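Read off the chains here:
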Amino acid sequence: MAEQAVISVHNLVKSFGPVEAVRGIDLDVQQGEIFGFLGPNGAGKSTTINILCTLLRATSGAASVAGIDVDHDPAAVRSRIGLVFQDPSLDHQLTARENLEFHAFIYDVPASVRKQRIAEVLEMVDLTDRADSVVMTYSGGMRRRLEIARGMLHTPDVLFLDEPTIGLDPQTRRHIWGYLAELPKKAGVTIFMTTHYMDEAEYCGRIAIIDHGQIQAVGTPDELKKMVGGDVVSITTSDNLAALPEIEAIAGAKPIADNGTLRVEVPDGAAFVPRLVRETSVEVTSVAFRRPSLDDVFLKLTGRAIREEEGSSTDMMRMMGRAWMGRGRR
Amino acid sequence: MSTPNGVMVGTPADERGRRRGTLWPTLRAIYIIWYRDVLRYWRDRTRLLTSLVQPLLFLIVFGTGLSSALSGAGGGFAGPAAAAAGLTYTQFIFPGIIGMSVLFSAIFGAMSIVWDREFGFLKEVLVAPIDRSAVAIGKSLGGATQAMVQGLILLILAPLIGVKLTLGSVVALVPLVFVLAFALSSMGVAIASRMRSMQGFQVVMNFLMMPMFFLSGALFPLSGLPAWMTVLTRLDPAAYGMDPLRRVVLGGAGLPSSALDRIGLTVFDTVLPIVVEAAILLAFGVVMLAIAVRNFRIRD
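What counts, and at which threshold
Residues numbered from 1 in each chain as written. Chains lettered and ligands numbered in written order. Predicted model: local features only at pLDDT ≥ 70, side-chain atom pairs only at ≥ 80, totals over all residues. Heavy atoms only, no water. Patch = residues over 30% accessible without salt bridge, like charges linked within 9 Å, V, L, I, M, F, W, Y side chains within 5 Å. Areas by Shrake-Rupley, 256 points an atom, 1.4 Å probe, with all protein chains shown as cover. Salt bridge = Lys/Arg side-chain N within 4 Å of Asp/Glu carboxyl O. Helix = DSSP H or I, 4+ residues; strand = E, 2+ residues; numbered from the N terminus. Buried < 20%, exposed > 50% of the residue type's maximum accessible area, 1.4 Å probe, protein only. Contact = heavy atoms within 4.5 Å. Pairing = 2+ DSSP bridges.

Visitor: Which residues make up a nonpolar patch on the surface, and what values go with them?
Guide: Residue and element names in this part refer to chain B. A grouping of Val-53, Leu-57, Ile-60, Val-61 and Leu-160 is seen on the molecular surface, where their side chains present a nonpolar patch of about 470 Å² in accessible area. Broken down by element, the nonpolar patch gets its largest block of residues, four residues, from helix α4 (residues 53–72). Along the polypeptide, Val-61 turns up in helix α4.

This is how it looks when you write it as structure tokens:
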């Protein structure tokens, strides 16, 4: 019962004209997992999630959610999934409770449990005391929480979240994650989410790294980090150029020069540091080592860093739209 | 199923899916989409009040101004029978201004779909496990309800204009105003179903709403016009809504039917009965709604 695939994708392809956004994806997500779909903008994350949510049709391949083929019976799939979109989709002129009532109606939450369910999901995201305020008065983080609550209202089998924390400040993001991480335990729901924030991927049980429409690796965060090898050591010296061959000899791997720092992977960072200091002829001015992060994994798999801070032009437009919306709608 | 502790209570999804046919969920969705529009309308009191300003300007400033000009020019804008009955220009346009209010509110109301699209809320509706026809129908009825209230609310001005209302005329007005509101609201939904941004709104305003208003007979009788304009006015669906309003309001106020026929809408020199006019509007509304439903059902 526990090892039952809730989402199953086989050789999924989606082309927009000549552009292949998704190029043959296979994956299985088990019930109760928090599954992260990680990749840079334009990697094919949103396209895949939209196919699974029946918002887009695949060009070829098969996908099923909660045992239902997404192409065969989209309406049945929709009744079993909850969705939190990248862009907000609340009615700002209604209260939180009214937004939830609307949702309960169109998702056929039976009248007998409607009130109770609404109270439960509001409680789940700590919005009970603000339930009757108009959403316009909510902060960005509160709106997101309300959207998560709404996605959970009709007891879905799978909750899909497309970049659930995009545009939120780090503190709010952590807060939102506090709620999300609890959901599988509390409600038995499976979470499938996309993100391009590496630190958020750490909350996931398993991660698929996607780039250029293909899955590069799947595994738990720890499994993926093991792909990098040992620890990542960052070294600065009085003369990096002279130090480079010496460090290479000690570490047995070629350091990468990055912005005045030499970075090298070693199996055991703690043992490496004393050797480094003892055996190099130039002065080591600073040294730090850390366990590899998912950033390092991504770098290793794709040969480039995921660009977190650099917003795309659509992100910009989205931000402007939000700013304008705040003013335009009393 | 797997709900480990007692926190979550709900009907299992598989039971939910097959409990009823498709008609009931669609009706329920129509209801809640309609209800949301009405709730938002009700909550937005300023809109309710500001929307009274334009009709008031037309009635008081435009009506009074033109009344004076016409009486200076010898009067008789609506023929001797109307003049004999003491019909002023302001009284003449009063039902037309009610119609105008319905026209603008219905199309504006329906076009709120484009707002919903732009601000994301439409997505919540479009991904729901409901038949998309509910979106079109719910929105059309929502817009129609708002427009009906906006139109009927103007009846409180009747004493000010010197138009006598009877219980009979008010009762007859409700369905007539609704049919007009429904037809125009459905047209608005059909247009909005293809619009992706508010940018096209100005175009709709200038190329559709204003011509529809001017050709509807709200401001002048549709008889004795040049041939080209006669044709255009008869092609304007709103004309089939204005005429019944005028007949009912002014008829109830005591204007003889000979005078009503003179200022009324004729097609091929035949005075159309109110029922036929309402049927034309209803048919137009249903066609528009069908187009809207089809547009909403298209999936990428």
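Visitor: Residues and numbers for the environment of B:Leu250, please.
Guide: Residues and elements named next belong to chain B. Secondary-structure assignment places Leu-250 in helix α13 (residues 239–252). The class for Leu-250 is buried, based on a relative accessible area of 3%. A sequence separation of 18 residues divides Leu-250 from Phe-268, and the C-alpha atoms of the two residues are 24 Å apart. Those residues in contact with Leu-250 that lie beyond four places of it in its chain are Leu-87, Gln-91, Phe-92, Pro-95, Leu-255, Leu-260 and Ile-263.

Visitor: Let's hear about unusual backbone geometry: which residues, and what values?
Guide: All names here are of chain A. Notably, Asp-108 is not glycine yet its phi reads approximately 55 degrees, a positive angle. Relative to the helices and strands, Asp-108 is located in the loop between α3 (96–106) and α4 (111–124). Classification of Asp-108 by relative accessible area gives buried; the value is 11%. Unusually for a residue other than glycine, Thr-155 sits at a positive phi of about 40 degrees. Here Thr-155 lies in the loop between α5 (140–152) and β7 (158–162).

Visitor: I'd like a description of the pairing of strand β2 (residues 19–30) of chain A, backed by residues and values.
Guide: One face of the sheet, then the other: side chains in a regular strand alternate in exactly this way. Residues and elements named next belong to chain A. Sheet topology places strand β1 (residues 5–16) next to β2; nine bridges connect them, and they run antiparallel. By the bridge assignment, Ser-8 is partnered in β2 with Asp-28. What sits between β1 and β2 in their antiparallel hairpin is a turn of two residues, with Gly-17 showing a positive phi close to 60 degrees.

Visitor: I'd love a proper account of α3(A), names of residues and values included.
Guide: For α3(A), the tally of buried residues reaches nine of 11 residues, placing the bulk of the element in the interior. Within the span of α3(A), buried status applies to A:Ala96, A:Glu98, A:Asn99, A:Leu100, A:Phe102, A:His103, A:Ala104, A:Phe105 and A:Ile106. Of the surrounding elements, those touching the buried residues of α3(A) are α4 and α5 of chain A together with α2 (23–43) and α7 (121–126) of chain B. Looking one or two residues past α3(A), A:Asp108 carries a phi angle of roughly 55 degrees, positive in sign.

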